[in-house]
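# Descriptive analysis of the structure
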4 protein chains.
Amino acid sequence: MTDENPPSTLSPQALAEACSAALAKDDHCAHALGIEVTHVEPGRAVLSMRVREDMLNGHNICHGGMLFTLADTAFAHACNSGNRNTVASACHIDYLAPGHVHDTLTAVAQARSRAGRTGVYDIEICNQDQVTIALFRGKSFQIQGNLVTPDGEQL
Amino acid sequence: MTDENPPSTLSPQALAEACSAALAKDDHCAHALGIEVTHVEPGRAVLSMRVREDMLNGHNICHGGMLFTLADTAFAHACNSGNRNTVASACHIDYLAPGHVHDTLTAVAQARSRAGRTGVYDIEICNQDQVTIALFRGKSFQIQGNLVTPDGEQL
Amino acid sequence: MTDENPPSTLSPQALAEACSAALAKDDHCAHALGIEVTHVEPGRAVLSMRVREDMLNGHNICHGGMLFTLADTAFAHACNSGNRNTVASACHIDYLAPGHVHDTLTAVAQARSRAGRTGVYDIEICNQDQVTIALFRGKSFQIQGNLVTPDGEQL
Amino acid sequence: MTDENPPSTLSPQALAEACSAALAKDDHCAHALGIEVTHVEPGRAVLSMRVREDMLNGHNICHGGMLFTLADTAFAHACNSGNRNTVASACHIDYLAPGHVHDTLTAVAQARSRAGRTGVYDIEICNQDQVTIALFRGKSFQIQGNLVTPDGEQL
């Protein structure tokens, strides 16, 4: 493993899209929650999720773990966009406002820093009224392997 | 709302159990994930979850959001054990080792500090081999309302 | 204490400057470290610090505590800009690159969210070459009291 | 660099003490603040600091950056105790109670997890009345180099 990106016949944008598709294909958890990838580009991803009744907690608001999962999934799509297998090392979330049943939440993930095998990403979750629900900051760590072949085929 | 606990006819242990039962009853999210409360006492809770296939991510390991949700749910049972509606204000998680399909994960939540309406709780997730999977620290904030009546009836 | 700002005869900008001056006057710690306030406006502050030899640690790089102190001080000027005594409740820092002796570091603090008595602020530290040294996120909590009188006199 | 400790002629305890001495010798920042190492052992360190007037902030309580610096320094002594140059990668601090002038603060740092080149450490700061002032959690990252020779001589 080196810190160089493997040569790819794809543009960075096409590579990011191929990685996102590969990541989404086997993300059983995201499927189960109805999380959808709206947009991806190198170092950035936008995902959305509709709050279902089975996502509510005992206070009748969206379970913090579901907000976290949405943000964490957006983080994964942003930090894997360069075709390096990359996982979360640590994450921090601040809850600003509750999510309610049937809200449509959007998470925007953006790289803030990448150096060596680690990166820092900021993710913001808003609802359909542009109210910020949570701020998430994640630290990523590159592990071995790639998501797709240099020409974008899934592995 | 005051910082005093409301008078209760129950012992602290019985009150903690009644609060936990009230919290669990409507926690649709925890039900959907098969999270079970093993033990609760004032300021402390032990919960478990078995990693299912629909909890795996695109790297074929347990989605960080599912680990977080388990920890966050344990946190909720520990910080609501005094019959004050209490929610998470911020959480931090460090991932130490991956969770694999069919692992049985146990989260132990313990109060570290409570002052005024805020508290700090530590949650540790281990697998069936006592390997620590994640360390979680949560900050709680008391909101209005109670979980049960002074004699432990659900509201 | 209410969530309303006290009426002030000053503009928000003049009030922010008066609060910052009041905060700086007695900040013995910031004085001792040579931290200077470059700019302040409502919810935002820019501070700088030159790395001295007595700020180095045993690895001969700027002590993480000194980077933190610079960021934390910028956070204080940003979150006290509305004339409410406000303190840090929790902070998180990610170190991205080392600071070296004689570097001039600049911290920019910006409000991300304010609701009720709590707020979230992002602080970024860069060196003289615009390299990001650290990312800091702080949670603030309003306590009782003001920094200046409604017409900006120090208390 | 490997994940193995270099062979040493010293016991783990003697090695931890030699590393701590090497770290302290050049920690200009800790000297300037009067931070003292009370005890060190593998993965654990106890340090103390007396709150001076030049450590107070504009609210007349101990500057959060000074609390952080004490905790961070204890973290450094704990995570460097195995003779591997190790630095902080990220830190989180929760403030629980204020520190006052002339308080004697004690920070206890303890390893929670070490895997590969990263570790997680918990640090608790108490005052002379055993009141917990702050909880700090740090993530460490091993870089190249050692603190002392295999027989404990400073490099």
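Below you will find a few notes about this structure. Just so it is clear, the structure is predicted and the values come from calculations on it, not from any experiment.

### Let's talk about the sheet that holds strand E2 (residues 44–50) of chain D
- Ordered by their spatial adjacency, 12 strands build an open sheet running E1(C)-E2(C)-E4(C)-E5(C)-E6(C)-E3(C)-E3(D)-E6(D)-E5(D)-E4(D)-E2(D)-E1(D), and the pairing between neighbours is antiparallel. Across the chains shown, the open sheet's two edge strands, defined by having one partner strand only, are strand E1 (36–41) of chain C together with strand E1 (36–41) of chain D. The sheet shows a mean angle of 20 degrees between the axes of neighbouring strands, taken without regard to direction.
- In this structure, strand E4 (residues 104–115) of chain D lies alongside strand E5 (residues 118–126) of chain D, joined through nine bridges in antiparallel fashion. Opposite Thr106(D), over in E5(D), you have Cys126(D) as the bridge partner.
- Across the sheet, helix H1 (residues 12–25) of chain D is in contact with E1 and E2 of chain D; its angle to E1(D) comes to roughly 150 degrees.
- Strand contacts of helix H3 (residues 64–79) of chain D: strand E3 (86–95) of chain C together with E1, E2, strand E3 (86–95), E4, E5 and strand E6 (132–142) of chain D, with the helix running at about 45 degrees to E4(D), the strand carrying the most contacts.

### Describing the interface of chain B and chain A
- Taken together, the contact pairs 35 residues of chain B with 35 residues of chain A.
- Looking at the side of chain B that touches chain A element by element, the count peaks at nine residues for strand E3 (residues 86–95) of chain B.
- Classifying every residue of the side of chain B that touches chain A by side-chain character gives 16 nonpolar, 13 polar and six charged.
- The pairing of strand E3 (residues 86–95) of chain A with E3(B) spans five bridges and is antiparallel. Among the inter-strand pairings, Ala90(A) is bridged to a residue of E3(B), identified as Asp94(B).

### A few points about the relation of the copies chain D and chain C
- Placing chain D over chain C gives an RMSD of 0.0 Å and needs a rotation angle of 180 degrees, together with 0.0 Å of translation along the axis. Within this description, the copies of the chain are treated as partners about a two-fold rotation axis. Among all residues of chain D, the one whose C-alpha sits closest to the rotation axis is His92(D), at a distance of 2.1 Å.
- Of the residues that chain D buries at the interface, 100% are likewise interface residues in chain C, meaning the two copies contact each other through the same surface.

### Quick word on the nonpolar core
- Ranked by internal contacts, the top residues of the largest apolar core, which has 189 residues, are Ala71(A), Ala71(B), Ala71(C) and Ala71(D).
- With residues up to four places along the chain from it excluded, the contact list for Ala71(B) reads Ile93(B), Ala107(B), Ile123(B), Ile125(B), Ala134(B) and Phe136(B).

### A closer look at the environment of Pro12(C)
- Tracing the backbone shows Pro12(C) in helix H1 (residues 12–25).
- Spatially, the C-alpha atom of Pro12(C) lies 8.4 Å from that of Ser81(C), the residues being 69 residues apart in sequence.

### Some remarks on the packing of helix H3 (residues 64–79) of chain A against helix H3 (residues 64–79) of chain B
- Axis separation between H3(A) and H3(B) bottoms out at 8 Å; the angle between their running directions is 160 degrees. The angle between H3(A) and H3(B) falls in the class roughly antiparallel. Crossing hand, H3(A) versus H3(B): right-handed. Residue-level inspection shows Gly64(A), Gly65(A), Phe68(A), Thr69(A), Asp72(A) and Thr73(A) of H3(A) in contact with H3(B), the latter providing Gly64(B), Gly65(B), Phe68(B), Thr69(B), Asp72(B) and Thr73(B).
- Here the residues of the contact of H3(A) with H3(B) sort into two nonpolar, eight polar and two charged.

### Quick notes on H3(A)
- If you check H3(A), its first and last C-alpha atoms are 22 Å apart, about what 16 residues at 1.5 Å a residue would give, namely 22 Å.
- For H3(A), the tally of buried residues reaches 16 of 16 residues, placing the bulk of the element in the interior.

### Points about the interface of chain D and chain C
- The interface of chain D with chain C comprises 35 residues on the first partner and 36 residues on the second.
- Mapped onto the side of chain D that touches chain C, the elements with two or more residues apiece are H1, helix H2 (28–33), H3 and E3 of chain D.
- Broken down by element, the residue count for the side of chain D that touches chain C peaks at nine residues, all from E3(D).
- Grouping the constituent residues of the side of chain D that touches chain C by class yields 16 nonpolar, 13 polar and six charged.

### Points about the sheet that holds strand E6 (residues 132–142) of chain A
- The antiparallel open sheet is built from 12 strands, whose spatial order is E1(A)-E2(A)-E4(A)-E5(A)-E6(A)-E3(A)-E3(B)-E6(B)-E5(B)-E4(B)-E2(B)-E1(B). Edge strands, defined here as strands with exactly one partner in the open sheet, are strand E1 (36–41) of chain A together with strand E1 (36–41) of chain B. On average, adjacent strands in this sheet sit at an angle of 20 degrees to one another, irrespective of strand direction.
- The strands touched by helix H1 (residues 12–25) of chain A are E1 and strand E2 (44–50) of chain A; relative to E1(A), the strand with the most contacts, the crossing angle is about 150 degrees.
- Seen against the sheet, H3(A) touches E1, E2, E3, strand E4 (104–115), strand E5 (118–126) and E6 of chain A together with E3 of chain B and runs at an angle of roughly 45 degrees to E4(A).

Conventions adopted
Residues numbered from 1 in each chain as written. Chains lettered and ligands numbered in written order. Predicted model: local features only at pLDDT ≥ 70, side-chain atom pairs only at ≥ 80, totals over all residues. Pairing = 2+ DSSP bridges. Helix = DSSP H or I, 4+ residues; strand = E, 2+ residues; numbered from the N terminus. Axes fitted to C-alpha atoms, helices over the stretch in contact; angles between N-to-C directions. Contact = placed C-beta atoms within 7 Å. Nonpolar A, V, L, I, M, F, W, Y, C, P; charged D, E, K, R; others polar. Least-squares fit on C-alpha atoms with pLDDT ≥ 70 in both. Core = buried A, V, L, I, M, F, W, Y, C linked by C-beta atoms within 7 Å. Buried ≥ 20, exposed ≤ 12 C-beta atoms within 10 Å, placed from the backbone. Parallel < 35°, antiparallel > 145°, perpendicular 65-115°, else oblique. Left-handed = near helix turned anticlockwise from the far one by under 90°. Expected span 1.5 Å × (residues − 1).

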